[in-house]
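Okay, here's what each chain looks like letter by letter:
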Amino acid sequence: MKRSTSVVILACVSFMLGAVVPWLPPSEDVRALTPPPQSRDVEVLTAQGPAPASEKRTKQGLLALGDERMHGAGECLEERGVNVHPRIFRRVEELLEVAASAAERYSAIFVHIEGDERLVDGHIERLIAETSPGTRVVWATISIDDAPWGAFSPEERINASIRSVITRGPQGRLLDWQRAIQRHPEWNPSGTSMTSTGCEEYARKVVKLAGMPRPARAS
């Protein structure tokens, strides 16, 4: 009698536990039935899509990369809102490195280097390729002092490369400074230092070719 009573009691307890704790089949994984944390946030982000265009980084401004020649025009360029980055001497490799890193931030880059005689078509092509699309590249021809008698001057070879390569792509612009000062030698009488008029004309041409807005004049 006692044994049958115990069996009845156990059966009742099992029935009560089954009503409180739902039965799960052995093959079911409890974790699979639990919704992943922050699932609502993921759905919201997916529905929003990519960030609006207004939040994306926009390129603006003009960066001028040069060597000794640019020191004479730095002040005039800065007055027109140009970020001037000159060197007494600038190697082509350093020029390419700086230009590539600046392409993401500036809408235009101006180049005027005269000191590195190794400049060839490939350097200009590489700089344009690494700064496109969306970045205008303005490149100035050079005018260096006459070479000593019997020595080779790279001026014409370099200028031929600049004139040929810079205008091939839609973002390239040529500032033919060599021909400009041949027509106006009074702008650059010493060969390196520009007069105040030469400085102003140089900066004006750079900004115009770069497609930058004119600076606001004080009223």
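A. Quick look at the state of the cysteines. Scanning the model with the defined rule gives one disulfide in all. Residue pairing for Cys76: its cysteine sulfur links by disulfide to Cys199, the two sulfurs lying 1.9 Å apart. Between Cys76 and Cys199, the disulfide has an S-S torsion of 130° and is therefore right-handed. Here Cys76 is found in helix H5 (residues 74-79), whereas its partner Cys199 is found in helix H10 (residues 196-210), with 123 residues between them in sequence.

B. Inspection of the pairing of strand E4 (residues 136-140) at higher detail. Across the five residues of E4, four count as buried, placing the element largely inside the fold. In the sheet, strand E3 (residues 108-112) pairs with E4 via four bridges, with the strands oriented parallel. Counterpart to Ile109 in the pairing with E4 is Val137. In terms of strand pairing, E4 meets strand E5 (residues 172-175) through four bridges, oriented parallel. Within E5, the residue paired with Ala140 across the bridge is Leu175.

C. The arrangement of the packing of helix H6 (residues 92-102) against helix H7 (residues 121-131) in detail. Where H6 meets H7, the closest approach of the two axes is 9 Å, and the angle between their N-to-C directions is 15°. The orientation of H6 relative to H7 falls into the category roughly parallel. Between H6 and H7 the crossing geometry is right-handed. For the pair H6 and H7, the contacting residues are Val92, Leu95, Leu96, Ala99 and Ala100 in the first and His123, Arg126, Leu127, Glu130 and Thr131 in the second.

D. Structural detail: the pattern of salt bridges. Applying the stated criterion across every chain, the model contains eleven salt bridges. One salt bridge in this structure joins Arg80 and Glu200, with 4.0 Å as the shortest N-O distance. Of the two residues, Arg80 is situated in the loop between H5 and strand E2 (83-86) and Glu200 in helix H10; the sequence distance between them amounts to 120 residues.

E. Layout of the confidence of the model for the chain. Across the chain, the average pLDDT comes to 76, with 66% of residues at or above 70. Predicted confidence in the chain is weakest over helix H3 (residues 39-48), with a mean pLDDT of 31, and strongest over E5, with 97. Residue range residues 10-15 is modelled with pLDDT below 50. Its contacts to residues more than four positions away, or to other chains, number zero contacts. The low-confidence segment residues 17-57, where pLDDT is below 50, has six contacts with residues more than four positions distant or belonging to other chains.

F. Geometry of H7. For H7, the full list of buried residues reads His123, Ile124, Leu127, Ile128 and Thr131. Taken end-on, H7 shows its buried residues confined to a sector of 130°, consistent with a single buried face. Buried residues along H7 sit in contact with H6, E3, E4 and helix H8 (155-165).

G. Representation of the packing of aromatic side chains in the model. Going through the model one piece at a time under the given rule, you end up with three aromatic pairs. The interplanar angle of 85° and the centroid separation of 4.9 Å between the aromatic rings of Trp177 and Tyr202 together place this pair among those described as edge-to-face. In this pair, Trp177 sits in helix H9 (residues 177-183) while Tyr202 sits in helix H10, placing the two residues 25 residues apart along the sequence. For Tyr202, a relative accessible area of 0% translates into the label buried. A network of ring pairs unites the aromatic residues Phe110, Trp177, Trp187 and Tyr202 as a single cluster.

H. Molecular detail of the side chain of Asn159. Here Asn159 shows up in helix H8. Once you skip the residues sitting within four places of it in the chain, Asn159 turns out to touch Thr141, Ile142 and Gln178.

I. The arrangement of the environment of Gly198 in detail. Looking at the secondary structure, you find Gly198 in helix H10. With a relative accessible area of 0%, Gly198 lands in the buried category. A C-alpha to C-alpha distance of 9.7 Å links Gly198 and Cys76, two positions 122 residues apart in sequence.

What counts, and where the lines are drawn
- Residues numbered from 1 in each chain as written.
- Predicted model: local features only at pLDDT ≥ 70, side-chain atom pairs only at ≥ 80, totals over all residues.
- Heavy atoms only, no water.
- Disulfide = S-S within 2.5 Å.
- Helix = DSSP H or I, 4+ residues; strand = E, 2+ residues; numbered from the N terminus.
- Buried < 20%, exposed > 50% of the residue type's maximum accessible area, 1.4 Å probe, protein only.
- Pairing = 2+ DSSP bridges.
- Axes fitted to C-alpha atoms, helices over the stretch in contact; angles between N-to-C directions.
- Parallel < 35°, antiparallel > 145°, perpendicular 65-115°, else oblique.
- Left-handed = near helix turned anticlockwise from the far one by under 90°.
- Contact = heavy atoms within 4.5 Å.
- Salt bridge = Lys/Arg side-chain N within 4 Å of Asp/Glu carboxyl O.
- pLDDT = per-residue confidence, 0-100.
- Arc of directions from axis to C-beta.
- Phe/Tyr/Trp six-rings, centres within 6.5 Å; stacked < 30°, edge-to-face > 60°.

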